[in-house]
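So the chains spell out like this:
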Amino acid sequence: MAAARFVVGYTANEHGADALAFATRLATASEAQLDVVMVLPSEARSSTVPSDVGYERHLKARSRAWLTEASKGLDPEVAQSLHVRYAESFAEGLISAAHEFGASLIIVGAARGGILGRSRIGSVANELLHSSDVPVALAPSGSRELASSAGISRITAAVGSRPGASALLDAAVRLSKAMHAPLRLLSLVSIDLPAGMDEGLAELTSTAHADEVLAAARRELPAGIEVSVAVATGDSIEAAVRSLDWHQGEVVLVASSRLATPHHLFLGSTASKMIRELPVPMIVVPRTSTGKTPS
């Protein structure tokens with residue numbers, strides 16, 4: 001069986017280093033191959049703007065030098081390929097590369113200005129998370145500080161508050177097996193109380209519903225899969241995320257919003273709120289299965 005392939009969107013800064021470090025941990029745990037990609041502006045230019053061949057040649061050579069330098073820090077046991085590609089946008093180039101290589105995951109770093117250990121969605125990640133037909137992983141700021149030998153300690157699938165998460169569960173099971181990591185099912189309960197409503201009763205009702213959703217999700221798992229479950233509550237999604245324990249080498253999977261077009265990503269509001277507080281990487285998978293699940 002051919003090894004899984006992950007595309008890493010690389011930039012020559014700390015955020016590119018974060019993406020590469022997280023990708024290396026995934027590849028080390030699963031024996032996947034990394035395709036490290038730098039995307040340059042498309043060679044296609046307006047006929048009114050003459051092409052500067054010398055500059056383009058210099059830019060490509062400099063990009064290859066950055067890639068080569070970055071690859072020196074990779075675990076020598078990890079299979080890797082370095083690529084320079086041209087596209088109208090960085091996100092477009094990464095999606096095209098994922099199709100070209102048959103990759104099951106695209107990995108990018110958080111945008112500039114993110115709090116250490118947290119993620120901020122920049123323009124590239126935002127475009128990917130609302131258009132890609134390949135799962136996308138976002139590595140939080142500071143991911144480069146965690147050694148590749150740390151591996152992946154746990155896979156957490158955020159199953160939401162509604163039944164029906166087959167594509168997400170399928171991806172979570174595949175990733176759990178590939179990474180040799182335990183699986184946890186998670187439901188987040190945000191208690192947004194109407195005026196005068198009893199707080200204890202609201203939390204009890206919401207938690208009971210979350211338990212039902214988790215039980216239904218657990219029944220969808222293949223036989224023999226060992227899984228733990230967790231319900232997190234708070235007065236907001238962010239507070240619920242903060243209330244949980246997170247392993248240093250953990251990865252969170254979330255499904256796309258119901259607004260997603262078939263087989264594509266669309267980051268929903270709950271996942272957007274989660275990412276503000278998550279101290280670990282998040283992978284977003286298409287709402288409906290395409291056969292391309294991280295593995």
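Residues numbered from 1 in each chain as written. Predicted model: local features only at pLDDT ≥ 70, side-chain atom pairs only at ≥ 80, totals over all residues. Heavy atoms only, no water.

Peer 1: Would you mind showing me how to read the overall build of the protein chain here?
Peer 2: Looking only at helices and strands, the protein chain features eight helices and ten strands. Expressed as a percentage of its 295 residues, the buried residues of the protein chain come to 51%. Within the protein chain, counting contacts between residues at least 6 apart in sequence, those at least 24 apart form 78% of the total. As presented, the protein chain carries roughly 13,700 Å² of accessible surface, and 51% of it is formed by carbon and sulfur atoms. (Helix = DSSP H or I, 4+ residues; strand = E, 2+ residues; numbered from the N terminus. Buried < 20%, exposed > 50% of the residue type's maximum accessible area, 1.4 Å probe, protein only. Contact = heavy atoms within 4.5 Å. Areas by Shrake-Rupley, 256 points an atom, 1.4 Å probe, with all protein chains shown as cover.)

Peer 1: What am I meant to see in the packing of aromatic side chains here?
Peer 2: Enumeration over the complete set of coordinates arrives at zero aromatic pairs. The residue whose ring lies beneath Arg184 is Trp246, and the NZ or CZ to ring-centre distance is 5.1 Å. (Phe/Tyr/Trp six-rings, centres within 6.5 Å; stacked < 30°, edge-to-face > 60°. Lys NZ or Arg CZ within 6 Å of the ring centre and 35° of its normal.)

Peer 1: So what exactly am I meant to see when it comes to helix 8 (residues 269-277) here?
Peer 2: In an α-helix, one turn spans 3.6 residues; hence positions three or four apart end up facing the same way. Among the residues of helix 8, Ala271, Met274, Ile275 and Glu277 are the ones counted as buried. On an axial view of helix 8, the arc spanned by its buried residues comes to 160°, and they lie on one face. (Arc of directions from axis to C-beta.)

Peer 1: Would you mind showing me how to read the pattern of salt bridges here?
Peer 2: When the charged atoms of two side chains with opposite charge come close together, those side chains can pair. All chains considered together, the criterion is met by eleven salt bridges. Several salt bridges share partner residues, and in doing so they unite Arg154, Arg184, Asp245 and Glu250 into one network. (Salt bridge = Lys/Arg side-chain N within 4 Å of Asp/Glu carboxyl O.)

Peer 1: What exactly am I supposed to notice about unusual backbone geometry here?
Peer 2: Trans peptide bonds make up most of the peptide bonds, and negative phi angles are found at most residues other than glycine. Its identity as a non-glycine residue notwithstanding, Glu31 has a phi of 60°, on the positive side. Mapped onto the elements, Glu31 comes out in the loop between helix 1 (14-30) and strand 2 (33-41). Here the phi dihedral of His180 falls at roughly 55°; this positive angle occurs in a residue that is not glycine. The topology assignment puts His180 in the loop between helix 5 (166-179) and strand 7 (183-190).

Peer 1: What exactly am I supposed to notice about the nonpolar core here?
Peer 2: As a rule of thumb, nonpolar side chains are buried together in soluble globular proteins. Core analysis: the biggest nonpolar cluster contains 47 residues, and Phe6, Leu34, Ile107, Ile152, Leu183, Leu185 and Leu253 have the highest contact counts within it. When near neighbours in sequence (up to four residues on either side) are disregarded, Ile107 contacts Phe6, Val7, Val8, Gly9, Ala19, Phe22, Ala23, Leu26 and Ala137. Ranked by size, the runner-up nonpolar core spans 41 residues in total, among them Ala91, Val136, Leu188 and Trp246. (Core = buried A, V, L, I, M, F, W, Y, C linked by side-chain atoms within 4.5 Å.)

Peer 1: Please explain the environment of Ser149 as it appears in this structure.
Peer 2: When you line up the elements, Ser149 lands in the loop between strand 5 (136-139) and strand 6 (154-158). Residue class for Ser149 comes out exposed when judged on its relative accessible area of 69%. Measuring from C-alpha to C-alpha, the distance between Ser149 and Arg25 comes to 6.9 Å, with 124 residues separating the pair along the chain.

Peer 1: Sorry if this is basic, but what is going on with the environment of Ile95 here?
Peer 2: Tracing the sequence through the fold places Ile95 in helix 3 (residues 90-101). Relative accessible area serves as the criterion here: at 14%, Ile95 is assigned to the buried category. Residues contacting Ile95, with those up to four places away along its chain left out, are Ile106, Leu128, Ser131, Ser132 and Asp133.

Peer 1: Is there a simple way to explain the confidence of the model for the protein chain in this structure?
Peer 2: Low pLDDT means the predicted atomic positions in that stretch should not be read closely. Scored by pLDDT, the protein chain has a mean of 82; 80% of the residues are at 70 or more. Taken together, the stretch residues 44-49 has pLDDT below 50 and engages in two contacts with residues farther than four places along the chain or on a different chain. (pLDDT = per-residue confidence, 0-100.)

Peer 1: Which parts of the structure should I look at to understand the pairing of strand 6?
Peer 2: If a strand is regular, its side chains alternate between the two faces of the sheet. The buried fraction of strand 6 amounts to five of the five residues, a majority that puts the element mostly inside the structure. Of the two faces of strand 6, the one holding Arg154, Thr156 and Ala158 and the one holding Ile155 and Ala157 are both buried throughout. Pairing analysis gives five bridges linking strand 6 to strand 9 (residues 250-255), with the strands arranged parallel. Residue pairing in the sheet places Ala157 in a bridge with Leu253 of strand 9. (Pairing = 2+ DSSP bridges.)

Peer 1: Could you clarify how one ought to interpret helix 1 in this entry?
Peer 2: Over its 17 residues, helix 1 extends 24 Å from the first C-alpha to the last, a length consistent with the 24 Å expected when each residue adds 1.5 Å. By the criterion of burial, helix 1 is predominantly enclosed, with 14 of the 17 residues buried. Put simply, Asn13 is the residue that caps the front of helix 1, since its side-chain oxygen is 3.1 Å from the backbone nitrogen of His15. Backbone geometry just after helix 1 places Glu31 at a positive phi near 60°. (Expected span 1.5 Å × (residues − 1). Polar contact = N/O pair within 3.5 Å; in protein donor to acceptor, adjacent residues only side chain to side chain.)

Peer 1: Explanation requested: the environment of Val36 in the structure shown.
Peer 2: One can find Val36 in strand 2. On the basis of relative accessibility, which here comes to 2%, the residue Val36 falls in the buried class. In this structure the C-alpha to C-alpha distance between Val36 and Phe6, which are 30 residues apart in sequence, comes to 8.3 Å. Excluding its chain neighbours within four sequence positions, the residues that come into contact with Val36 are Val8, Tyr10, Leu20, Leu67, Ser81, Leu82 and His83.

Peer 1: I'm lost on the side chain of Asp18 in this one. Help?
Peer 2: Tracing the backbone through its elements, the reader meets Asp18 in helix 1. Of note is the side chain of Asp18, whose polar atom sits 2.8 Å from the side chain of Arg144. If we skip the residues at most four places from it in the chain, Asp18 touches Ala139, Pro140, Ser141, Gly142, Ser143 and Arg144.

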